[in-house]
Amino acid sequence: MSGNYSIRSFQAKDFDVIHDLNKQEGWDQLVEKKEETFHGWVNSEPALVLMHNDEIVGYLRGLTDGSVSLFVCELLIRSDYRGQDLGKKLIEKAHSCYPGTRVELLATSKSEGYYSQQSFRPYYGFRKTAEEFV
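Residues numbered from 1 in each chain as written. Predicted model: local features only at pLDDT ≥ 70, side-chain atom pairs only at ≥ 80, totals over all residues. Heavy atoms only, no water.

Considerations on the nonpolar core
- Counting 17 residues, the largest nonpolar core has Leu50, Leu60, Leu75 and Leu90 as the members making the most contacts within it.
- Elements with a minimum of two residues in this core: β1 (5-9), β2 (47-52), β3 (55-64), β4 (69-77) and α4 (86-97).
- Within the second largest apolar cluster, 12 residues are counted, among which are Phe15, Ile18, Leu30 and Tyr59. (Core = buried A, V, L, I, M, F, W, Y, C linked by side-chain atoms within 4.5 Å. Buried < 20%, exposed > 50% of the residue type's maximum accessible area, 1.4 Å probe, protein only. Helix = DSSP H or I, 4+ residues; strand = E, 2+ residues; numbered from the N terminus.)

Now the structure itself:
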């Protein structure tokens, strides 16, 4: 990556910036459940942050079995850094850690176009929140 960009593993000290990025994006469930979201980061692999100089400008949090599936839970690039293929670089970096896996993710109607441009194909899935099980 050019322009003083780098990708590194998440560290606990990064979480406040990640939390702020979630707020800026309007990802309210992650923001409202700050403690749970932090624990999710600590227990996730891969958990990557995108740095520009010394500033976090994006991230990817995923889960994998290491052999079959790599699931991208969240991928976020700060709005003023979008359009530079930085999300693609994060996905490629995560996949390079587990090159034999398929990459799966969920998209919203806002992000569907981006993933289609990256040659991801749609598949069918369902979701139920923890509160819906109560």
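Side note on the pattern of salt bridges
- Under the criterion given, the structure shown has 8 salt bridges.
- Among the salt bridges present, the one from Lys33 reaches Glu131, with a minimum N-O distance of 2.4 Å. Taken as a pair, Lys33 in the loop between α2 (28-32) and α3 (34-42) and Glu131 in the segment after α5 (112-117) lie far apart in primary sequence, 98 residues in all.
- For Lys33, a relative accessible area of 24% translates into the label partly exposed.
- Put simply, Asp80 and Arg78 hold a salt bridge, and the shortest N to O gap is 2.7 Å.
- Within this structure, Glu55, Arg78 and Asp80 form a network of salt bridges that share partners. (Salt bridge = Lys/Arg side-chain N within 4 Å of Asp/Glu carboxyl O.)

Function cannot be read off these values alone, since they describe shape.
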